[in-house]
Amino acid sequence: MNSHRGTPRTRPGRALTLVLLGLALAVTAGTVACQSQPADDFGAPAVTTPASSPPPPTAAAAAVAIQDGAPPKSTAADVPARLRIPALDLDATVDAVGIDAATGEFAVPPSVDRVGWYRYGPGFSAKAGSIVVAGHVDSAAEGKGAFFRLGSLEAGDSVTLTGPGGKERVFEVIARERYRKTAIPLDKYFARDGTARLTLITCGGPFDPKTRHYRDNVVITAAARG
Amino acid sequence: MRILPFRRAAAFGAVTLLALGGLGAMATSPAYAKANSQVTVVHGIPGQAVDVYVNGEKTVPNFQPGKVAGPLSLPAGEYDIALTKPGDAIGSALLKVDNAEVPGDANISLVAHLNAEGEPALTPFVNDTAKLAAGKTRLIVRHAAAAPAVDIRAGGEPVFEGVTNGKEGKADLDAGTVSADVVLAGTDTRVLGPADLDLKEGTATIVYAVGSAEDETLDLVTQSITGLHSAPGGVPSGDGGRADGNGNGNLPLYGAGAVGILLALFGLARLVTGRR
């Protein structure tokens, strides 16, 4: 009888331990999972002039602008050389790149430790518009890319661009956004007007192993400091 | 009796016409609803500075040959345009065009030049300002010289052939520098160039051949229209899949959570059955 009575007494104790242990495990796992969720978007790129708006009308007929009709000369190169992001421990060579003729897309340098500056858009010392630098998050051939952890940048992180002759220009992260590639407002990020800013682009989101493409683009906008 | 259906048809037709006319008028919309046109004035008559008058008002004073003025923002309508020697009265204009039609919402170049016979002329060209694909540039070449038909070559290859006075050739090309020259049509006899043209991405470069072959005053005048760029089609920047975990790699955690919940449920079950 005693042993029969004893068993039910100890049983609730073990069961209770199980319940508590299980709950603790569930709560801990849940909390950690939530904390490591993909970082939320923050900020909005500062664009004072919408990309599509026409330039403000000049002071009417008072003085008509006169230009020389000489053939256009090639202007001095305004090419960034390096990109440094201390928060990511990143210091990458910048290549001047354009468009992949076959696809009409941004010709991101194939080498994953290099990043590409869009040479048709604003350059290193631009007073207006978006200086665009894109880099690989990774590649099948070479592994992790220079922008592998781009999506973990936070507001206020600094990004330094080195220009011709070693001149430096410091930018401060003001926005991080993730868009499906089908919905990303690229016109905004490639605008050549509005306040001077640095736009960093890479891939992100879920990966489709069949098409070998990421679903999203991760975009960091950094405002020129000073 | 046979007339009646005809009349009916006529009446119906008239009503339809009126309705359509009304619709048409609405569709083409009155001038004030349209955006202003951008009008650029190009001076391609050698050796003669001018004052440009628009509707009797001096708009570009002492305008030198080879220069490009504007753009002026003009509402759609008709304009009287006159060129005088600098300081001369509008009555003694060198060149005068009355009621020149400016459509709404267009980009126009008004070119003072010599026609094929060497007479001064004022020719309007409508500029193609359609957006360019990323990486592209637009080259427009216009014959505005007292000269016979010409071929325009880029890198030695004819790109526009048999262009005559008042006509243009146009192409969207990859942005970059091209070496261009102008030869008599169908020959290698060079009349202009070669000139290196830096054709900028997202820009329309309009090159005018001006002057007179006979007087040996042939020259080039260029005008640029910027802001025709488009964004690239996309930014493909990863094909490895390693970064998938950057946002979604919580499966082990979810697993641990599930095990925890199961344990707790199992414990609860034991508690309940134990009490019975």
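What you are looking at is a predicted structure, and each value in this text was computed from that prediction instead of being measured.

Enquirer: Could you clarify how one ought to interpret the overall build of chain B in this entry?
Expert: Along the backbone of chain B there are 3 helices and 16 strands. Per-residue burial over chain B gives 42% buried out of 276 residues. Contacts in chain B between residues at least 24 apart in sequence constitute 59% of all its contacts with a sequence separation of at least 6. Split by element, the accessible area of chain B, about 14,100 Å² in all, is 58% carbon and sulfur.

Enquirer: Even after reading the chapter, I still don't get the overall build of chain A, so can you show me in this structure?
Expert: Along the backbone of chain A there are 2 helices and 13 strands. Taking all 226 residues of chain A together, the buried fraction comes to 40%. Of the contacts formed within chain A by residues at least 6 apart in sequence, a portion of 61% connects residues at least 24 apart. For chain A, the computed accessible surface area is about 11,900 Å², with 58% contributed by carbon and sulfur atoms.

Enquirer: Help me out: how do you make sense of the sheet that holds strand β14 (residues 190-199) of chain B in this one?
Expert: Backbone hydrogen bonds hold the strands of a sheet together, and the pairing may be parallel or antiparallel. Residue and element names in this part refer to chain B. Taken together, 4 strands build an open sheet; the order of strands is β11-β10-β13-β14 and the sheet is antiparallel. Edge positions in the sheet fall to β11 (157-163) and β14, since each has one partner strand and no second. Sheet twist, expressed as the mean angle between neighbouring strand axes with direction ignored, is 20°. Pairing of strand β10 (residues 150-154) with strand β13 (residues 176-184) involves 5 bridges; the strand directions are antiparallel. Bridge pairing links A154 to A180 in β13.

Enquirer: Just checking my understanding: could you explain the pairing of strand β9 (residues 136-146) of chain B for this structure?
Expert: As a general feature of sheets, a regular strand has side chains that alternate between the two faces. Residues and elements named next belong to chain B. Burial analysis of β9 places 10 of its 11 residues in the buried class, the great majority of the element. Across 7 bridges, the pairing between β9 and strand β12 (residues 168-174) is antiparallel. Within β12, the position partnered with R138 by the bridge is D172. With 9 bridges connecting them, β9 and strand β15 (residues 204-212) associate as parallel partners. Bridge pairing in β15 links H143 to A209.

Enquirer: Where do I start with the environment of S92 of chain B in this structure?
Expert: As for its position among the elements, S92 of chain B is in the loop between β5 (77-84) and β6 (95-102). Between the C-alpha atom of S92 of chain B and that of A82 of chain B, which follows or precedes it by 10 residues, the distance is 9.5 Å.

Enquirer: Help me understand the sheet that holds strand β16 (residues 219-225) of chain B, please; the structure alone is not making it clear to me.
Expert: All names here are of chain B. In space, the 4 strands of this open sheet follow the order β12-β9-β15-β16, with mixed pairing throughout. Each end of this open sheet is capped by a strand with a single partner; those strands are β12 and β16. When the angles between neighbouring strand axes are averaged without regard to direction, this sheet yields 20°.

Enquirer: I'm lost on the interface of chain A and chain B in this one. Help?
Expert: One frequently used descriptor of interface size is the decrease in accessible area upon assembly of the parts. In this complex, chain A contributes 61 residues to the contact, which on the side of chain B involves 56 residues. In total, chain A and chain B occlude about 4,900 Å² of area from one another, counting both sides; carbon and sulfur atoms represent 61% of this. Here E201 of chain B makes a salt bridge to R192 of chain A, at a shortest N to O gap of 2.5 Å. On the surface where chain A and chain B come into contact, there are 25 residue pairs in polar contact (both at pLDDT 80 or more).

Enquirer: Teacher, can you tell me more about the pairing of β14 of chain B here?
Expert: In this sheet, β14 of chain B lies alongside β13 of chain B in antiparallel orientation, the contact comprising 7 bridges. Looking at β14 of chain B, one finds that T177 of chain B is bridged to D198 of chain B.

Enquirer: Looking at this structure, how should I read unusual backbone geometry?
Expert: Trans is the prevailing form of peptide bonds, just as negative phi is the prevailing case for residues other than glycine. Residue and element names in this part refer to chain B. Put simply, G70 and P71 share a cis peptide bond, and its omega is 0°. A cis amide bond links G193 with the next residue in sequence, P194, at an omega value of 0°. Residue placement: P194 occurs in strand β14. Its identity as a non-glycine residue notwithstanding, N55 has a phi of 50°, on the positive side. Of note, N55 is situated in the loop between β2 (50-54) and β3 (57-63).

Enquirer: Sorry if this is basic, but what is going on with the pattern of salt bridges here?
Expert: Pairing is possible between side chains that carry opposite charge, provided their charged atoms lie close to one another. Applying the stated criterion across every chain yields a total of 21 salt bridges over all chains. Between R82 of chain A and D91 of chain A there is a salt bridge, with the nearest N and O atoms lying 2.8 Å from each other. In this structure R82 of chain A comes out as partly exposed when scored by relative accessible area, which is 32%. Salt-bridge contacts for D181 of chain B lead to R190 of chain B; the nearest nitrogen and oxygen are separated by 2.9 Å. A residue is classified by how much of its surface remains accessible, and R190 of chain B, at 45% relative accessible area, is partly exposed. Among the ionic contacts, a cluster of salt bridges with common partners joins D128, R138, K170 and D172 of chain B.

Rules of the game
Residues numbered from 1 in each chain as written. Chains lettered and ligands numbered in written order. Predicted model: local features only at pLDDT ≥ 70, side-chain atom pairs only at ≥ 80, totals over all residues. Heavy atoms only, no water. Helix = DSSP H or I, 4+ residues; strand = E, 2+ residues; numbered from the N terminus. Buried < 20%, exposed > 50% of the residue type's maximum accessible area, 1.4 Å probe, protein only. Contact = heavy atoms within 4.5 Å. Areas by Shrake-Rupley, 256 points an atom, 1.4 Å probe, with all protein chains shown as cover. Pairing = 2+ DSSP bridges. Axes fitted to C-alpha atoms, helices over the stretch in contact; angles between N-to-C directions. Buried area = accessible area lost by both parts, 1.4 Å probe. Salt bridge = Lys/Arg side-chain N within 4 Å of Asp/Glu carboxyl O. Polar contact = N/O pair within 3.5 Å; in protein donor to acceptor, adjacent residues only side chain to side chain.

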